[in-house]
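Residue-level structural notes
The primary structure of each chain is shown beneath.
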Amino acid sequence: MTDTERPDAGARDTAPGDHANHSHTRTDACAPAASARTVAEQLAIVLASVAPLPPVRVELDAARGLVLAEDVLTVTDTPPFDNSAMDGYAVIRSDLLSASPQNPITLPVVADLAAGTAENPRLVPGQVARIMTGAPIPDGANAVVPIEDTDQGIERVAIVRAPGAAAHVRRAGEDAHAGDRVLRAGSVLWPTRVAAAASAGTSSVLVHPAPRVAVISTGSELVTPGSPTRRGQIPDSNSFLLSAAVAEAGGIAVRIGAVPDDDDVLRALLDELAGSVDVIVLSGGVSVGAYDVVKAVLKPLGTVDFGPVKMQPGKPQGFGRWPATEQASGPLIFALPGNPVSAYVSFEVFVRPALQRLLGQPILNRRTVTATVVDGWRSPPGRAQYMPVIVTHRTDGTENGTLTEARPASRGGSGSHLVAGLAQASGLAIVPEDATHIRGGDLITVMLTS
Ligand code: AMP
Ligand code: MG
């Protein structure tokens, strides 16, 4: 039941957004098993069964990072009234055209207008009002003289510079007019967009909600991290890995932890979770070992497929749904291999894009860069390889700059149990399925994961 997946068996393909590649040794790879799918084929199957979750209305406080399912229009003009852009004095410009340091003009101050005031003293020629940033420009005034161009007088003020036309006046509707669209459906609500909705006078927005994702590790060898281990036991790291990855992708992780390799226990747990989550991510127990509990429980359902994928690591991949009931469709199920590197690569390549689509995100794939390989490695023919790499940038002495380099994160190469090395990786180098030798100096596509 191991899934150590040394780089010695077969295929290639690309993740979301074609990661075409360059300059590798090519071999006549032995034909992969007819039933095995490429990464692209598997991803297409996954994405074909996933659509953005039905929209819900949420308060702005809960909207950050979610994707709008409606246009947001301004309720009023923004700003809603003419107001001052400076602390200073609201003036009638024609009173001050000859003001200069040599010829200060002194005028009476008839009002004091703080931000938030509703006062509107009508100025007549020869009068000014003290005004603070954001306060409404009083009727009659048509410019603001900043405090720096005055003697800061309270009863009367001496002004030493003539203001320009409409100086320091922010016009009503300058930013947006009532009814203007300030945000478009499909926009990701990053902080400045949450602010735009708030300034538009909106308190709640229609969004695609974050999917709830249960994360379960399987394996009778697994114990909660920090508890004592006897021979044969190891800490469960996958439920932490995958829950953190779910949260980072924008989902709501429900970390269940580890369950033993016991069909009845797992079946009961899945049954219980089915009504309360959108997705279930399992790890372990999907190979051909004697106690591969996930396969044993899910395969007979007929709704979860375990077709192998031409990738390394991550060859065994379970994907499907828990059976629907009359009330609801069953949650999506991803059954990932147990080795931590395999589980992580599988998450990045299949689960994360699916979560992005459930969220309604416009972009499903990670950003990629082309990097120069520093220390080479080998890759199995006929399988796309995802190699955890450390990505660094250094100045290359040329005019435009920096050289992006990638080196394997573990000395042991891509061994799928090497979780400590994985922690140093900031990306996954994507080796096409027909490449077998990656050499120093080769260019390679790297999917950036942090
Ligand atoms: P399996 O896919 O269940 O055959 O597991 C493959 C390998 O991954 C075995 O060495 C397991 O002990 C290890 N493994 C499985 N699940 C976890 C986990 N949650 N945390 C750490 N290692 C795991
Ligand atoms: Mg296991």
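In case you missed it, the structure is sitting above this.
Here the structure is a predicted model, which means the values were calculated and not measured. (Residues numbered from 1 in each chain as written. Chains lettered and ligands numbered in written order. Predicted model: local features only at pLDDT ≥ 70, side-chain atom pairs only at ≥ 80, totals over all residues. Heavy atoms only, no water.)

**Brief notes about the pairing of strand β25 (residues 402-408)**
When strand β22 (residues 368-373) meets β25, the two strands line up parallel, connected through two bridges. In the strand pairing of β25, V373 is matched with A406. For strand β24 (residues 384-395) and β25, the ladder comprises seven bridges, and the chain directions are antiparallel. Across the sheet, residue R394 finds its bridge partner in β25, namely L403. In textbook terms, the turn of a hairpin is the stretch between consecutive antiparallel strands, and for β24 and β25 this stretch comprises six residues, one of which, G397, has a positive phi near 80 degrees. (Pairing = 2+ DSSP bridges. Helix = DSSP H or I, 4+ residues; strand = E, 2+ residues; numbered from the N terminus.)

**Some thoughts on the sheet that holds strand β1 (residues 56-59)**
Spatially, β1-β12-β2 is the arrangement adopted by the three strands of the open sheet, whose pairing is antiparallel. The open sheet terminates on both sides in strands that have one partner only, identified here as β1 and β2 (67-68). The sheet contact formed by β1 and strand β12 (residues 204-208) spans four bridges and is antiparallel. Pairing of E59 across the sheet is with S204, part of β12.

**Re the sheet that holds strand β9 (residues 156-159)**
Strand order in this open sheet of five strands is β8-β5-β7-β6-β9, and the pairing throughout is mixed. The open sheet has two edge strands with one neighbour each: β8 (143-146) and β9. Sheet twist, expressed as the mean angle between neighbouring strand axes with direction ignored, is 40 degrees. With three bridges connecting them, strand β5 (residues 88-91) and strand β7 (residues 128-131) associate as antiparallel partners. By the bridge assignment for β7, Y89 is matched with R130. (Axes fitted to C-alpha atoms, helices over the stretch in contact; angles between N-to-C directions.)

**Topic: the environment of A135**
Inspection of the secondary structure puts A135 in the loop between β7 and β8. Taking the C-alpha atoms as reference points, A135 and F81, separated by 54 residues in sequence, lie 9.1 Å from one another. With sequence-adjacent residues up to four places away left out, A135 is seen in contact with F81, D82, N83, S84, L113, A114 and A115. (Contact = heavy atoms within 4.5 Å.)

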